[in-house]
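# Report on the structure
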Amino acid sequence: MTGRAGKYRNLVLVWLIWPLITLGIYHYVWYYKINREAKEFDARIDSSPLTSLLAILIGWVLIVPPFISVFNTGKRIAQMQRAAGMQASCNPWIGLLLVFLFGLHSMYYQYELNTIWAHYGDPAEGERIRLAV
């Protein structure tokens, strides 16, 4: 089984620099992209990038949806790690807790995604890669 590689991103740029420069818009773009990468990496991963984005974009009105979405994104990253033949080191509970600590969940999740791409030797974004499981 094969999937598509995602993009290796700088942690500080994802967490702080690009969101500051774009007045917060980049965080939503990044969140959509990582959920899309999960879907393209392994078709068995249940991911709807648009629903995930809407949950954090307008779900705050109901308070709960953004937190569920962040937790589920952490679970998807752990599934990606297992599909790559790695031990799943991404913990969705840590990601959820980091939401409340300066929004560090984006840095944590990107770090975990970068471990997957490093495992494959930093392939180009969109490149076909072989899944281990």
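This text goes with the structure placed above it.
Quick caveat: nothing in here was measured; it's all calculated off a predicted structure.

### Digging into the nonpolar core
Ranked by size, the top nonpolar core spans 27 residues in total, and within it W30, F41, M80, Y109, L113, I116 and W117 carry the most contacts. Every element with two or more residues in this core is listed here: α2 (25-41), α4 (65-83) and α6 (105-119). The leading source of residues in this core is α2, at six residues. Discounting chain neighbours no more than four positions away, the residues touching W30 are R9, V14, S106, Y109 and Q110.

### Re the packing of aromatic side chains
Centre-to-centre distance and the angle between the planes together describe a pair of aromatic rings. According to the stated counting rule, one finds six aromatic pairs in the structure shown. The rings of F41, W117 and Y120 are connected pair by pair, giving a single aromatic cluster.

### Things to note about the side chain of R76
On the secondary structure map, R76 appears in helix α4. D46 is the oppositely charged side chain nearest to the buried, salt-bridge-free R76, at an N-O distance of 6.1 Å. Beyond its immediate stretch of four places on either side in the chain, R76 contacts N35, A38, I45, D46, S47, S52 and S69.

### Concerning the packing of helix α5 (residues 92-99) against α6
Axis separation between α5 and α6 bottoms out at 8 Å; the angle between their running directions is 150°. When the axes of α5 and α6 are compared, the pair comes out roughly antiparallel. Packed against α5, whose contacting residues are P92, I94, G95, L96, L98 and V99, the element α6 presents H105, Y108 and Y109 at the interface. Here the contact of α5 with α6 is composed, by residue class, of seven nonpolar, two polar and no charged.

### What to know about α6
Helix length check: α6, at 15 residues, gives a terminal C-alpha distance of 21 Å against a target of 21 Å (1.5 Å per residue), a fit within 8%. Regarding α6, the residues found buried are H105, S106, Y108, Y109, Q110, E112, L113, N114, I116 and W117. Looking at the packing, one finds that the buried side of α6 touches β1 (2-4), α1 (11-21), α2, α4, α5 and β2 (128-130). Where α6 terminates, the next one or two residues include G121, which has phi positive at roughly 80°.

About the criteria used
- All residue numbers refer to position in the chain's written sequence, counted from 1.
- Only residues with pLDDT of at least 70 are given local features in this predicted model, and only at 80 or more are side-chain atom pairs given and counted; all residues enter the totals for whole chains, interfaces and linings.
- Here the side-chain values reflect all heavy atoms present in the structure, with hydrogen atoms and water set aside.
- We call a set of buried residues a nonpolar core when its members are Ala, Val, Leu, Ile, Met, Phe, Trp, Tyr or Cys and they connect through side-chain atoms within 4.5 Å of each other.
- Here the term buried applies to any residue with accessible area under 20% of the maximum for its type, exposed to any over 50%, and partly exposed to those in between, with areas from a 1.4 Å probe on protein chains only.
- The way it works is that DSSP assigns letters per residue, a run of H or I at least four long becomes a helix, a run of E at least two long becomes a strand, and they are numbered from the N terminus.
- We call two residues contacting when some pair of their heavy atoms lies within 4.5 Å.
- We call Phe, Tyr and Trp rings a pair once their centres come within 6.5 Å, taking the six-membered ring for Trp, and we label the pair stacked below 30 degrees between planes, edge-to-face above 60, and tilted otherwise.
- In this tally Asp and Glu are treated as negative and Lys and Arg as positive; neither His nor the chain ends contributes.
- By convention in these notes, a salt bridge is any Lys or Arg side-chain nitrogen within 4 Å of a carboxyl oxygen on Asp or Glu.
- Axes here refer to lines fitted to C-alpha atoms; in helices the fit is confined to the stretch in contact. Angles between the N-to-C directions go from 0 to 180 degrees.
- Roughly parallel refers to an angle under 35 degrees, roughly antiparallel to one over 145, roughly perpendicular to one between 65 and 115, and oblique to any angle outside these ranges.
- Gly is placed with the polar residues, together with every amino acid not listed as nonpolar (Ala, Val, Leu, Ile, Met, Phe, Trp, Tyr, Cys and Pro) or charged (Asp, Glu, Lys and Arg).
- One less than the number of residues in a helix, times 1.5 Å, gives the span that helix is expected to have.

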